[in-house]
Amino acid sequence: METRLIFISLCLGTILSAAEEVKENLTGVVGGSITLPDPLLERGFLLYGPENIASVRNKVFQIEEETYLNKLLWDTETGLFTITDLQRNDSGVYRFDSKKGRVFISSFKLTVYDSVPPPAVKALSVSSDGCSLLCSVDREATLLWFKGEQILNQSSSASSLPLTVNTEDLRSSYRCVAANPAENKTLTVNINETCSEEATTRILSDKDQRHFPVDLITFHLQIIGSLDL
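All values derive from a computational prediction rather than experimental measurement. (Residues numbered from 1 in each chain as written. Predicted model: local features only at pLDDT ≥ 70, side-chain atom pairs only at ≥ 80, totals over all residues. Heavy atoms only, no water.)

In this structure, what is going on with the pairing of strand S9 (residues 104–113)? I would like to understand it.
Looking along a regular strand, one sees the side chains alternate between the two faces of the sheet. By the bridge criterion, 6 bridges tie strand S1 (residues 24–29) to S9 in an arrangement that is parallel. Of the residues in S9, the one forming a bridge with Leu26 is Leu110. Across 7 bridges, strand S8 (residues 92–98) lies against S9 in antiparallel orientation. Bridge pairing in S9 places Val93 opposite Lys109. What sits between the antiparallel neighbours S8 and S9 is a turn of 5 residues, in which Gly101 has the positive phi angle 75°. (Pairing = 2+ DSSP bridges. Helix = DSSP H or I, 4+ residues; strand = E, 2+ residues; numbered from the N terminus.)

Listed below in structure tokens is the structure:
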């Protein structure tokens, strides 16, 4: 009797594992949209965690959770669901339970990320030996410096990343990439322009402006001292 129960359990386990497809990780960006990979064409349910959020019955689509009104779309031709206007709280596990036609159960884990900030590049110093550059973003992201297809410098979580370009490499192609698991943004750098004489003038001008308040304070202190005398 015990052997028969074990055999039945093994058979049920085999049937269930065959019906349930492998879970896949999906990524999206806040404000964007994503189409879930599996179709429901005839009859079945879409669940978010344990909650039934939509159903298809006799090829008629119905939203079961009002949070998804005007947010969850269903294509009558392909049977695919699309979630629009993604927000961070849309992250989680979505499960398909198809009851007719192609019968299956499958689940997908969605992670929604903030959009990657665009990178900006400026010259920190320019000399006869080369040029020192800084790539920066307004919040932390993965940053990478490329020369052609070669990665020269990278950081998995940073708001800025430096790079020194030697004089003999000034004609090469460089780019800074800001990325997260959902997207990336690239800035191609014109080295000749970024490290030009004008850039040197701007750097010196910036330094002068940074020193100006200190000089002004010193000037005021001198005046005050002379008045005390």
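Any chance you could explain the pairing of strand S4 (residues 51–57) here in plain terms?
Here 5 bridges tie strand S3 (residues 44–48) to S4, and the two strands are oriented antiparallel to one another. When the sheet's bridge partners are listed, Leu47 is paired in S4 with Asn52. As consecutive antiparallel partners, S3 and S4 are separated by 2 residues, and within that stretch Gly49 has a phi angle of approximately 60°, a positive value. Relative to strand S5 (residues 60–63), S4 runs antiparallel, the two sharing 4 bridges. Bridge pairing links Ala54 to Ile63 in S5. Here S4 hands over to S5 after 2 residues, with Asn58 in that stretch at a positive phi of 50°.

When you look at unusual backbone geometry in this model, what are you seeing that I'm missing?
With the exception of glycine, most residues fall at negative phi, and the peptide bonds are largely trans. The phi angle at Asn58 is positive, at roughly 50°, despite the residue not being glycine. One can find Asn58 in the loop between S4 and S5. A relative accessible area of 64% places Asn58 in the exposed class. In this structure, Lys59 is a non-glycine residue whose phi angle is positive, near 65°. Structurally, the position occupied by Lys59 is in the loop between S4 and S5. Under the relative-accessibility criterion, Lys59 is labelled exposed at 56%. (Buried < 20%, exposed > 50% of the residue type's maximum accessible area, 1.4 Å probe, protein only.)

I keep staring at the sheet that holds S8 and nothing clicks. Help me out?
Strand pairs in the sheet, formed through backbone hydrogen bonds, run parallel or antiparallel to each other. Taken together, 6 strands build an open sheet; the order of strands is S1-S9-S8-S3-S4-S5 and the sheet is mixed. Strands with a single pairing partner mark the edges of an open sheet, and in this sheet they are S1 and S5. Adjacent strand axes in the sheet meet at a mean angle of 20° when their direction is disregarded. (Axes fitted to C-alpha atoms, helices over the stretch in contact; angles between N-to-C directions.)

Hey, could you run me through the packing of aromatic side chains in this one?
Two aromatic rings are characterised by how far apart their centres lie and by the angle between their planes. Summed over all chains, the structure comprises 5 aromatic pairs. Considering the side-chain rings of Phe81 and Phe96, the 6.0 Å spacing of their centres and the 45° angle between planes classify their relative orientation as tilted. In this pair, Phe81 sits in strand S7 (residues 81–83) while Phe96 sits in strand S8, placing the two residues 15 residues apart along the sequence. Each member of the pair, Phe81 as well as Phe96, carries the same accessibility label: buried. Here Phe96 and Phe108 contribute two aromatic rings whose centre-to-centre distance is 5.7 Å and whose plane-to-plane angle is 85°, an arrangement assigned as edge-to-face. Of the two residues, Phe96 sits in strand S8 while Phe108 sits in strand S9, which places them 12 residues apart along the sequence. A connected cluster of aromatic rings, assembled from ring pairs, spans Phe61, Trp74, Phe81, Phe96 and Phe108. Here Arg175 stacks its cationic end above the ring of Phe146, 4.3 Å away from the centre of that ring. (Phe/Tyr/Trp six-rings, centres within 6.5 Å; stacked < 30°, edge-to-face > 60°. Lys NZ or Arg CZ within 6 Å of the ring centre and 35° of its normal.)

Function cannot be inferred from these measures alone, as they are strictly geometric.
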